[in-house]
Structure formats: C-alpha cells, structure tokens
Amino acid sequence: MFVQFNIYFVALTALLLSISFNYLLLFLSQKNMLKTLNKIDENRLNKNNTPPFGGVAISLAFFIAAQFLGEANSIFVQIGTFGILIALVGFIDDIFNLHWKYKLILQFTFVSLPLTNLRLYLNFETLINLDLNNYLNYFVSIIWIILLINSINFIDNMDSLAATVASSTCIQAIALTYYLNQNNLTDILVVLLFSIFGFLLFNLPPAKLYLGDSGSLFIGFLLGFLSILFNWNPDGFHTFSNTLSPLLLFFTIPVLDFLTVLKHRLTNNQSPFSGGTDHSSHRLLALGYTEKKILVITICYSFFNFMIIFLHLITDGVLSNAFLGMYIIQFVYIYFKIQKLQILK
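Let me begin by describing the structure that accompanies this report. Predicted, not measured: the structure shown is a model, and the values here were computed from it.

## Details of the overall build of the protein
Here comes step 1: A tally of regular secondary structure across the protein gives 14 helices and zero strands.
Here comes step 2: Each helix and strand of the protein, placed in order from N terminus to C terminus, yields the pattern α-α-α-α-α-α-α-α-α-α-α-α-α-α.
Here comes step 3: Going through the 345 residues of the protein one by one, you find that 52% of them count as buried.
Here comes step 4: Put simply, 78% of the contacts in the protein that link residues at least 6 apart link residues at least 24 apart.
Here comes step 5: Accessible area for the protein stands at about 16,700 Å²; split by element, carbon and sulfur atoms hold 65% of it.

## Looking at the side chain of Gln-107
Here comes step 1: Locating Gln-107 in the fold gives a position in helix α4 (residues 100–118).
Here comes step 2: If we skip the residues at most four places from it in the chain, Gln-107 touches Ile-86, Ile-146, Ile-149, Asn-150 and Leu-217.

## A closer look at the environment of Ile-188
Here comes step 1: The topology assignment puts Ile-188 in helix α8 (residues 183–203).
Here comes step 2: For the pair Ile-188 and Phe-62, spaced 126 residues apart in the sequence, the C-alpha separation amounts to 8.8 Å.
Here comes step 3: Other than its neighbours up to four places away in sequence, Ile-188 contacts Phe-62, Leu-69, Phe-76 and Leu-226.

## So, the packing of aromatic side chains
Here comes step 1: This structure, assessed with the given rule, holds 17 aromatic pairs.
Here comes step 2: Ring geometry for Phe-5 against Phe-68: centres 5.4 Å apart, planes inclined by 80°, an arrangement best described as edge-to-face. With Phe-5 in the segment before α1 (7–30) and Phe-68 in the loop between α2 (54–66) and α3 (74–96), the pair connects residues that are 63 residues apart, well separated along the chain.
Here comes step 3: Classification of Phe-5 as partly exposed rests on a relative accessible area of 34%.
Here comes step 4: An aromatic cluster is present here, built from Tyr-179, Phe-303, Phe-306 and Phe-310 joined pairwise through their rings.

Rules used in this analysis
- Residues numbered from 1 in each chain as written.
- Predicted model: local features only at pLDDT ≥ 70, side-chain atom pairs only at ≥ 80, totals over all residues.
- Heavy atoms only, no water.
- Helix = DSSP H or I, 4+ residues; strand = E, 2+ residues; numbered from the N terminus.
- Buried < 20%, exposed > 50% of the residue type's maximum accessible area, 1.4 Å probe, protein only.
- Contact = heavy atoms within 4.5 Å.
- Areas by Shrake-Rupley, 256 points an atom, 1.4 Å probe, with all protein chains shown as cover.
- Phe/Tyr/Trp six-rings, centres within 6.5 Å; stacked < 30°, edge-to-face > 60°.

Pasting the structure below:
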C-alpha cells in the first residue's frame with residue numbers, strides 16, 4: 001500500500017531531512033568519528049580539512065523523501081537503487097581514496113546496467129543516420145552520463161559552486177518538465193533540488209561541508225538519467241531535438257569546465273584525475289573576482305543558456321536552428337576565452 005503526499009510536503013521533507021543529515025555528518029566529523037584519508041597528489045584551493053560528506057546527506061534525504069511520492073515507476077526504482085550504489089562508491093572513495101581506474105570501472109558498471117536493463121539511450125544513431133542495433137546509442141549514453149558525473153565532480157572545487165550549478169540545472173529542468181506536463185520527472189527534480197538546498201546551508205562560503213564524490217556521483221547520475229528520460233518533443237517536429245534532449249545543453253558549465261581542465265592537463269602531461277587550481281572558477285579568482293561574484297556569474301551564465309535553449313524549444317524552423325547555432329557559437333567562444341585566462345598560482 002503506497003501513500004502519495006503533496007509535492008510541497010515531500011519537498012519540505014527532503015529539505016528538513018537534508019539539513020538533519022548534514023548536521024549529523026558535520027557533528028560526527030568534528031568529533032573525529034568520521035575521518036578521511038588525505039588525498040594524495042592533489043593541489044586544492046582550500047587547504048582546510050573540510051569534511052566531504054554532504055553528498056551522503058543529499059542521497060539519503062532524496063531516497064527517503066522520494067518514497068512519499070507514492071508508488072514509484074519501476075524505471076525510477078531501478079535508477080534510484082543504482083544511484084544509491086554509485087553514491088556508496090563515492091563515499092568509499094571519500095574515505096579511502098580509491099584509485100581512479102577502480103572508480104571508472106565502478107562508474108561504468110553502475111551506469112551501463114540500468115541503461116541496458118531499462119533500454120534507455122540517447123538516439124544518436126538516428127541523428128547520424130546509422131543503424132547499429134542501438135550499440136552506438138548505448139555507448140554514447142554511457143559515456144555521456146560518466147562525463148556528466150565527473151564534470152560535476154570537477155566543479156566541486158570552490159565553496160557552493162557544484163551545488164549552485166546542480167541547483168540551477170534542477171530549476172531549469174523543473175521549468176521545462178512542468179511546461180511540457182512531464183510531472184513524474186518534475187516531482188523527482190523538485191525532491192532532488194530541495195535535498196541540495198539543505199546541503200547548501202552548510203556549503204556557502206566559508207563551507208563547513210563539501211559535496212564529496214558521493215554527492216557529485218549521485219547528482220550527476222540522477223541528472224544524466226533524467227536527461228535521457230526527458231522527451232520535450234513527443235510529436236517529433238524537430239530532428240535534432242527528437243534525438244538528443246535539450247536537457248543535455250543544461251550541463252554547459254560542468255562540461256565546459258571539464259573540457260578546459262582536461263585540455264590543460266593533457267597538454268602539460270598531468271593526470272586529469274588529480275586535484276588542481278586550473279579550473280574555470282580558479283582562473284576567475286586569478287582575475288581578482290571573489291568567490292561570491294563567481295557564484296553570481298555562474299548563475300547568470302547558467303540562466304542565459306537556459307533562455308537560449310528555451311527559445312530554441314518554443315520556436316520552429318529557421319528561428320529554432322538559429323537559437324541552437326547561437327548556443328554553439330557562444331559555447332565555443334567562452335571555451336577559448338577561458339583557455340586564455342591565467343591559472344591561479
């Protein structure tokens with residue numbers, strides 16, 4: 001027997017649970033009852049020993065609160081289960097510092113299993129007019145979610161940055177799913193958003209808790225699957241948007257930072273998986289911006305992208321393609337602009 005509560009009640013429950021769990025984890029960390037091993041080969045901006053357990057609180061709050069939405073679709077049950085498993089991988093990594101190869105293998109496993117079991121994928125083969133029995137679709141979908149997971153992990157390099165970007169993504173996705181009457185996805189996103197809000201209270205500068213790998217893996221995993229499940233174009237009017245969800249474009253900031261760091265580190269023979277101060281946010285700090293100003297810039301740029309995507313969504317033909325072209329041009333411009341910025345020393 002499943003009981004379904006009002007979404008406002010569920011959102012408030014997620015918020016209160018998240019605050020409670022974050023407070024508990026902070027208390028345990030301060031009492032040295034929850035410790036992490038020092039990460040090796042990492043050069044981080046903040047040298048404080050800030051506990052990286054915020055993601056544990058987010059995943060627990062989300063999982064419990066989501067039960068109040070009523071009888072869950074079997075798809076969401078399986079995705080949620082694997083989401084908890086991948087959060088557990090992140091938690092173990094936060095404590096014991098797993099080798100990056102093991103993390104990547106576990107990410108690949110926990111992403112590929114629900115995708116193949118549920119037959120979920122980005123329809124990339126249709127976009128390039130190729131039929132490979134969905135093998136390429138599955139491969140692209142797995143790579144996409146793993147990329148998203150690690151790109152969110154990458155931007156967890158400054159107080160509130162990863163949580164702010166994730167919150168902005170949730171808000172934009174909520175607006176689109178509500179606009180297009182995909183209420184199941186809207187409800188899930190609202191629960192995730194308020195779970196993140198509870199963590200943000202402990203992550204605002206100066207941060208008392210970090211998101212940690214448990215949080216970046218869990219949030220990236222959920223948002224990646226939601227981006228694949230979302231279908232804004234059920235009538236199939238637009239070829240591009242019928243095959244690749246515009247929600248993919250919402251992740252501009254984490255993907256932009258991921259590509260920036262990846263290019264710099266490969267060029268300089270550095271490990272892409274080590275910590276460093278070569279992120280986009282660090283380069284803005286080197287220009288003299290404060291952390292709070294960078295957060296404001298990030299939010300403004302995120303919603304600027306949302307407006308372009310939304311206009312692409314609600315228009316047709318040449319005008320719709322023009323907005324898509326505008327998005328691509330500004331993305332390339334910003335990418336090369338960031339590459340020219342000095343790295344924070």
